[in-house]
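Examining the three-dimensional arrangement
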Amino acid sequence: PVPPPRGINELPPMVPAQALTTSTPDAGTITTPSEFLKAIGRSFDTKLEVEHWDAMWRLSGHELKKKGLGDDISHLHRDRYVLWCMEKYRNGLPIESFAHEPRPKKTIRG
């Protein structure tokens, strides 16, 4: 059986953007976007220049590409990693729980 469609009144309420950016566990240690980029690793603090938090939270994949993270296929992985880390940080997780180094290249034998 197919469940009935959800009406407009049954949708979950929208969460304001201010509520998403205020409760971060590392708020005392990370005060600028460059400190955040340094904390997530992979030397993003040297690859990406963002001066204000508002500009950081408004970044999209297209804007990251324009800012010059790369033109090859691996830029997609870097862009996704930055956006993924931003979302985890916005949701209140400590950076140590999700920031990690990239996977090593696969070894092909035979």
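Just so it is clear, the structure is predicted and the values come from calculations on it, not from any experiment.

Structural notes on the overall build of the protein chain
If you tally the helices and strands in the protein chain, you get 6 helices and 0 strands. What you see in the protein chain, going N to C, is helices and strands ordered as α-α-α-α-α-α. By residue count, 25% of the 110 residues in the protein chain fall in the buried class. For the protein chain, restricting intrachain contacts to residue pairs at least 6 apart in sequence, the fraction spanning at least 24 positions comes to 46%. Taken as a whole, the protein chain presents about 8,500 Å² of accessible surface, with 57% of it coming from carbon and sulfur.

Concerning the side chain of Arg42
Inspection of the secondary structure puts Arg42 in the loop between α2 (33–40) and α3 (44–47). Of the side chains with opposite charge, Glu101 comes closest to the buried, unpaired Arg42, at an N-O distance of 5.3 Å. At a separation of 3.2 Å, a polar atom in the side chain of Arg42 contacts the main-chain carbonyl oxygen of His100. Among all residues touching Arg42, those that are not within four sequence positions of it are Lys47, Tyr81, His100, Glu101 and Pro102.

A word on the confidence of the model for the protein chain
Looking at the protein chain, the pLDDT average stands at 74 and 67% of residues meet or exceed 70. Highest mean pLDDT in the protein chain belongs to α2 (89); lowest belongs to helix α1 (residues 17–22) (46).

Observations regarding the nonpolar core
Core analysis: the largest hydrophobic core is formed by 18 residues, its most contacted members being Phe36, Leu37, Ile40, Met56, Tyr89 and Ile95. When contributions to this core are tallied by element, the ones reaching two or more residues are α2, α4 (53–57) and α6 (74–90). Broken down by element, this core gets its largest block of residues, 5 residues, from α6.

Some remarks on the environment of Pro33
By secondary structure assignment, the location of Pro33 is in helix α2. Distance from Pro33 to Asp45, taken between C-alpha atoms, is 8.6 Å for residues 12 residues apart in sequence. The residues contacting Pro33, other than those within four sequence positions of it, are Val50, Glu51, His52, Trp53 and Met56.

Digging into the packing of aromatic side chains
Under the counting rule described, the total for this entry stands at 8 aromatic pairs. Measuring from centroid to centroid gives 6.4 Å for Trp53 and Tyr89, while their planes differ by 15°, and the two rings are stacked. Pair noted here: Trp53 is in helix α4 and Tyr89 is in helix α6, with a separation of 36 residues, a long-range link. A relative accessible area of 24% places Trp53 in the partly exposed class. With 6.3 Å between their ring centres and 15° between their planes, Trp57 and Tyr89 make a pair best called stacked. Separated by 32 residues along the polypeptide, Trp57 in helix α4 and Tyr89 in helix α6 bring together distant segments of the chain. An aromatic cluster of at least three residues, connected via ring pairs, comprises Phe36, Trp53, Trp57 and Tyr89. The ring of Tyr81 carries Arg42 above its face, with NZ or CZ at 3.7 Å from the centroid. Positioned over the ring face of Phe44 is Lys47, at 5.5 Å from the centre of the ring.

Cut-off values and rules
- Residues numbered from 1 in each chain as written.
- Predicted model: local features only at pLDDT ≥ 70, side-chain atom pairs only at ≥ 80, totals over all residues.
- Heavy atoms only, no water.
- Helix = DSSP H or I, 4+ residues; strand = E, 2+ residues; numbered from the N terminus.
- Buried < 20%, exposed > 50% of the residue type's maximum accessible area, 1.4 Å probe, protein only.
- Contact = heavy atoms within 4.5 Å.
- Areas by Shrake-Rupley, 256 points an atom, 1.4 Å probe, with all protein chains shown as cover.
- Lys, Arg positive; Asp, Glu negative; His and termini not counted.
- Salt bridge = Lys/Arg side-chain N within 4 Å of Asp/Glu carboxyl O.
- Polar contact = N/O pair within 3.5 Å; in protein donor to acceptor, adjacent residues only side chain to side chain.
- pLDDT = per-residue confidence, 0-100.
- Core = buried A, V, L, I, M, F, W, Y, C linked by side-chain atoms within 4.5 Å.
- Phe/Tyr/Trp six-rings, centres within 6.5 Å; stacked < 30°, edge-to-face > 60°.
- Lys NZ or Arg CZ within 6 Å of the ring centre and 35° of its normal.

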